[in-house]
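Residue-level structure breakdown
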Amino acid sequence: MKLSGASYMEIHRSGGGIHFTVENTRKATEDELYSSLAQRLSQMLRCGTTTVECKSGYGLDADSEVRLLRVLQRAKTHLPIEISMTFCGAHAVPKGMTSEEAARDVIGIQIPAVCSLIESGELQVENIDVFCEEGVFDVPQTRRILESGREAGLRINFHADELHPLNAAEMGAELNAAALSHLEEVSDNGILAMAAKNCVAVVLPTTAYMLRLKPPPVRHMIEEGVIVALGTDFNPNAYCLSMPMAMHLACINFRMSMTEALIASTLNAAASIGRSETHGSIECGKYGDFLIIDANRWEHLIYQFGNHDQLISYVIKRGEIVFCHQSDVDRDVC
């Protein structure tokens, strides 16, 4: 439907999109979910990603959301890529519910269930997300859910002003959100509010490209002093596992410089998940996460469009080799 011209909300209202994924996610076993997750995280690692934010959001009830978070926890424990876990039970309104009923369910049932498992040490969830959008959760509902998550100790990092201008960025700044994502329809006042509160704007070039949305006003954000980060927004609607490809699209479609795209994908991205003191740059006192590429200039990582696992010779995570391109090096080194 999307490639035939249907809009995101047209697909959503027809029962596709998030609801289609929720139905199939609920049918899958935990092992099946883990297997597909591990495969995708491995592909991200090969493209140079060493730390990733992963969200739930395809369960939409307490049991299903907890199951997804357990899968993420398993990956966090066993895979070399570092994961910042985000609870996103308010990703859509479940079938048969109103948005108000869904908001009350997230606040009264889902968040307590997740927090109980955090307190017991079974889950290490860091962030809370809400899809604040017309036809999903409105601004007052989003505020209540985010405030509930914040009271439970979760960092606020949510979808804002993606498809319609709702002044969600202003609300996020009032709540001192760590990060707001998408922002295609953010207002000038929202940009100023985010800059004043050091809220990170996580912009997503693949989503704007694949949904044929107008680009977020990234140059205006940068000029006003907003901290801009980049992400792939990997999901069934934006199937991209490569940060270098997202960086390339940001330069072309968002008019970012290659240096801006690099900083947005490293230090600023680390800031969006509360890790800028320990991640995101190569300096004393930080973890040794970096790439070695087969090129005479770092810019080739962005300039090249695709096949980045051939360009990247090594991926280093906390000083250890976690990926190497074996055709270029001795297999014993890997």
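The coordinates are above.
This text gives an overview of the structure that appears in the document. (Residues numbered from 1 in each chain as written. Predicted model: local features only at pLDDT ≥ 70, side-chain atom pairs only at ≥ 80, totals over all residues. Heavy atoms only, no water.)

Looking only at helices and strands, the protein features 15 helices and ten strands. In terms of overall dimensions, the protein is globule-like: its C-alpha atoms have a radius of gyration of 19 Å, near the 20 Å expected for 334 residues. Along the longest, intermediate and shortest principal axes, the C-alpha atoms of the protein span 60 × 45 × 45 Å. Counting every position in the protein, which comprises 334 residues, the buried fraction comes to 54%. (Helix = DSSP H or I, 4+ residues; strand = E, 2+ residues; numbered from the N terminus. Rg over C-alpha atoms; globule rule 2.2 N^0.38 Å. Buried < 20%, exposed > 50% of the residue type's maximum accessible area, 1.4 Å probe, protein only.)

With antiparallel pairing, three strands are arranged side by side in an open sheet as E8-E9-E10. Of all the strands in the sheet, the pair left with one neighbour each is strand E8 (290–293) and strand E10 (320–324). Neighbour-to-neighbour, the strand axes of the sheet open up by a mean angle of 25°, direction not taken into account. Bridge count between E8 and strand E9 (residues 312–317): four bridges; the pairing is antiparallel. Of the residues in E9, the one forming a bridge with Ile-293 is Ile-312. (Pairing = 2+ DSSP bridges. Axes fitted to C-alpha atoms, helices over the stretch in contact; angles between N-to-C directions.)

Turning our attention to the sheet that holds strand E4 (residues 155–160). Strand pairing in a sheet takes place through backbone hydrogen bonds and is either antiparallel or parallel in direction. One open sheet accounts for seven strands, arranged E1-E2-E3-E4-E5-E6-E7; its pairing is parallel. Each edge of the open sheet carries a strand with a single partner, namely strand E1 (51–55) and strand E7 (227–230). Between one strand axis and the next, the sheet turns through 25° on average, direction left out of account. The pairing of E1 with strand E2 (residues 82–90) spans five bridges and is parallel. In the sheet register, Glu-53 faces E2, and the bridge partner there is Ser-84.

As a further point, take the packing of aromatic side chains. In the structure shown here, the tally under the stated rule is one aromatic pair. Over the face of the ring belonging to Tyr-34 we find Arg-74, whose NZ or CZ atom lies 4.0 Å from the ring centre. Sitting over the ring of Tyr-287, Arg-318 keeps its end group 3.7 Å from the ring centre. (Phe/Tyr/Trp six-rings, centres within 6.5 Å; stacked < 30°, edge-to-face > 60°. Lys NZ or Arg CZ within 6 Å of the ring centre and 35° of its normal.)

Residues of helix H2 (residues 18–27) that are buried: Ile-18, His-19, Thr-21, Val-22 and Thr-25. All buried residues of H2 fall inside an arc of 155° around its axis, so they share one side. Seen from the open side of H2, the exposed residues pointing more than 90 degrees away from its buried face are Phe-20 and Lys-27. (Arc of directions from axis to C-beta.)

In total, this model carries 20 salt bridges according to the counting rule given. The partner of Asp-31 in a salt bridge is Arg-74, with the nearest N and O atoms 2.9 Å apart. You can see Asp-31 sitting in helix H3 (residues 30–46) and its partner Arg-74 sitting in helix H4 (residues 62–78), a full 43 residues away along the chain. Of the charged contacts, one joins Glu-174 and Arg-143 as a salt bridge, the two residues approaching to 2.7 Å between their closest N and O atoms. In this pair, Glu-174 is assigned in helix H7 (residues 168–174) and Arg-143 in helix H6 (residues 139–151), connecting sequence segments 31 residues apart. Since its relative accessible area comes to 25%, Arg-143 is described here as partly exposed. (Salt bridge = Lys/Arg side-chain N within 4 Å of Asp/Glu carboxyl O.)

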